[in-house]
Amino acid sequence: MARSNSNTSQGPFGQPNRVRLVNQFLGLRTIDPANAWKDVYRLLLWIDTRTGIAHCYESDKSQPGKPWYPRSLEFHEWVSDQLGIAPMDLKDHVDWMFRQVVGAVTEAEADEMIANALGVQESLFAGNRKKMPVPGDDPRLREIVEPLMSLSPSERLDEDGINSVLRKVYAHMSSENKRANLLGRGFEDVLDGVIRRLPAPPEHHGAQTVLETIPGFRPTRDGDKVEKVDLWVGDGERRRIMISAKWSVRADREKQMATDFQTYNQMNDWRDPFEYVWITNEFDPARLVTNATNTQNNSLLFDKVVHICPAALGVVHRFGDGARLGRNPARLQELLAEQRIIGLDAFLRDISSGG
DNA sequence: TGGCGTCTTTACTGGCCAAA
DNA sequence: TTTGGCCAGTAAAGACGCCA
């Protein structure tokens, strides 16, 4: 999609590279809606570095001794089984998109950082032979790491070698911070890539689409902010589905989705209503229930809530084992049974042309 | 006037923590 | 144990000033 700004990013996290990666992974094949969730997880699901198991909830609540640790373990085992992978090897078969981007970036960033620092030091202290500290040489981290690398005096790394290891450790730790950005925009690109490869794809679809380019939405007034929608689908006639794609939510983002709906509503020029759908991989039952039952102007905000993998919700919240469920998990189970919350497979079948 | 660089704003996420 | 809300880090987009 053309952008209005000249400084379009061509970086590893930018839209062109994300789309390239999605196309590289999905290739030319047709995607069966029933298996689409597997591609989404292979591309985007990741392993919590502190527990070594698949991430389905906030890290602090998923540590050993916390309530979400056993749930995360069961999720990890179930996903591994479904993908036909040993649980120990799952890490090598998910998180593909992030691994592609970060593997090359972190080392390059670490090297660039040290080169810049040495350049500045040289410009300030040319001729001064005193050695100055370099970025990443954390004394406490060094105390931990250095003994592990010192097998014997003859094998011991020199100073530059140790600093190189420390920088790479830091680069790795900070790389996790980049995931949020890639996940947010990448989720939209992955879903659009899946939709494109359906056996009977819808007439229109797109990610990060300017609202006024979608049939039935009027242009923004001069000076107003250009409004975009995460993802949209159209049947080429009167049906338009506006999609909010959020991998997970917090309470503050729930308000944002209602605000977005109001914006779309104000800009809708047709008498025909548009549909509003939330696609998510959220596992928190309260957040799912809240958004699936949220109302706006005396009607439900979302026409549908779509979860990437409802079967995984059942595993995590133990819908099948007969135990008494808590209030929110019980309500979540009802909403799934009522098809107020549906799976990605059902949604993809619904939007398929002729579907 | 248009190109360019820099700064600011917006939107995305998970982590985290206090309160319920 | 859950819930609500804020924060940090990131990229993209927009705003703005400078200069040829």
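If you check an unreviewed UniProt entry, chain A appears there as Restriction endonuclease from Conexibacter woesei.

A. Spatial organisation of the overall build of chain A. The number of helices and strands found in chain A is twelve helices and eight strands. Per-residue burial over chain A gives 46% buried out of 355 residues. Of the contacts made within chain A by residues no fewer than 6 positions apart, 67% connect residues no fewer than 24 positions apart. Carbon and sulfur atoms provide 49% of the accessible area of chain A, an area that totals close to 18900 Å².

B. Up close: empty space enclosed by the protein. Inspection of the entire model under this criterion finds one cavity of 30 Å³ or more. Looking at the lining of the largest cavity, its residues break down into six nonpolar, no polar and two charged.

C. View of unusual backbone geometry. Although it is not a glycine, Gln-208 adopts a positive phi angle of roughly 50°. Structurally, Gln-208 is set in strand 1 (residues 204–210). Judged by its relative accessible area of 19%, Gln-208 is buried. Even without glycine at this site, Gln-339 takes up a positive phi of about 60°. Residue position: Gln-339 is located in the loop between helix 11 (327–337) and strand 8 (341–343).

D. How the structure looks around the nonpolar core. Among the nonpolar cores identified, the biggest contains 86 residues, and Tyr-41, Phe-75, Met-242, Ile-308 and Phe-347 are the most heavily contacted of them. Take this core: its biggest share by element is seven residues, from helix 7 (residues 179–196). For this core, the two domains that each supply at least three residues are domain 1 (13–46 + 94–199) and domain 2 (200–354). Dropping the residues within four chain positions of it, Phe-347 is found in contact with Ile-241, Ile-243, Val-277, Ile-279, Val-306 and Ile-342.

E. Local environment of the layout of surface pockets. In this model, the largest pocket occupies a volume close to 1100 Å³. Lining the largest pocket are 42 residues, and of these Ala-180, Leu-183, Gly-184, Ser-248 and Arg-253 sit closest to its centre. Elements with a contribution of two residues or more to the lining of the largest pocket: helix 6 (159–175), helix 7, strand 2 (228–234), strand 3 (240–246) and helix 8 (251–267). The element contributing the most residues to the lining of the largest pocket is helix 7, with six residues. Counted by class, the lining of the largest pocket contains 13 nonpolar, twelve polar and 17 charged residues. When we break the lining of the largest pocket down by domain, the ones giving at least three residues each are domain 1 (13–46 + 94–199) and domain 2 (200–354).

Rules used in this analysis
Residues numbered from 1 in each chain as written. Chains lettered and ligands numbered in written order. Predicted model: local features only at pLDDT ≥ 70, side-chain atom pairs only at ≥ 80, totals over all residues. Heavy atoms only, no water. Helix = DSSP H or I, 4+ residues; strand = E, 2+ residues; numbered from the N terminus. Buried < 20%, exposed > 50% of the residue type's maximum accessible area, 1.4 Å probe, protein only. Contact = heavy atoms within 4.5 Å. Areas by Shrake-Rupley, 256 points an atom, 1.4 Å probe, with all protein chains shown as cover. 1 Å grid on protein atoms, 1.4 Å probe; cavity = no way out; pocket = protein on both sides within 12 Å on 5 of 7 lines; lining within 4 Å. Points joined across faces, edges and corners; volume = space filled by probe spheres on them. Nonpolar A, V, L, I, M, F, W, Y, C, P; charged D, E, K, R; others polar. Core = buried A, V, L, I, M, F, W, Y, C linked by side-chain atoms within 4.5 Å. Domains from an automatic or database assignment.

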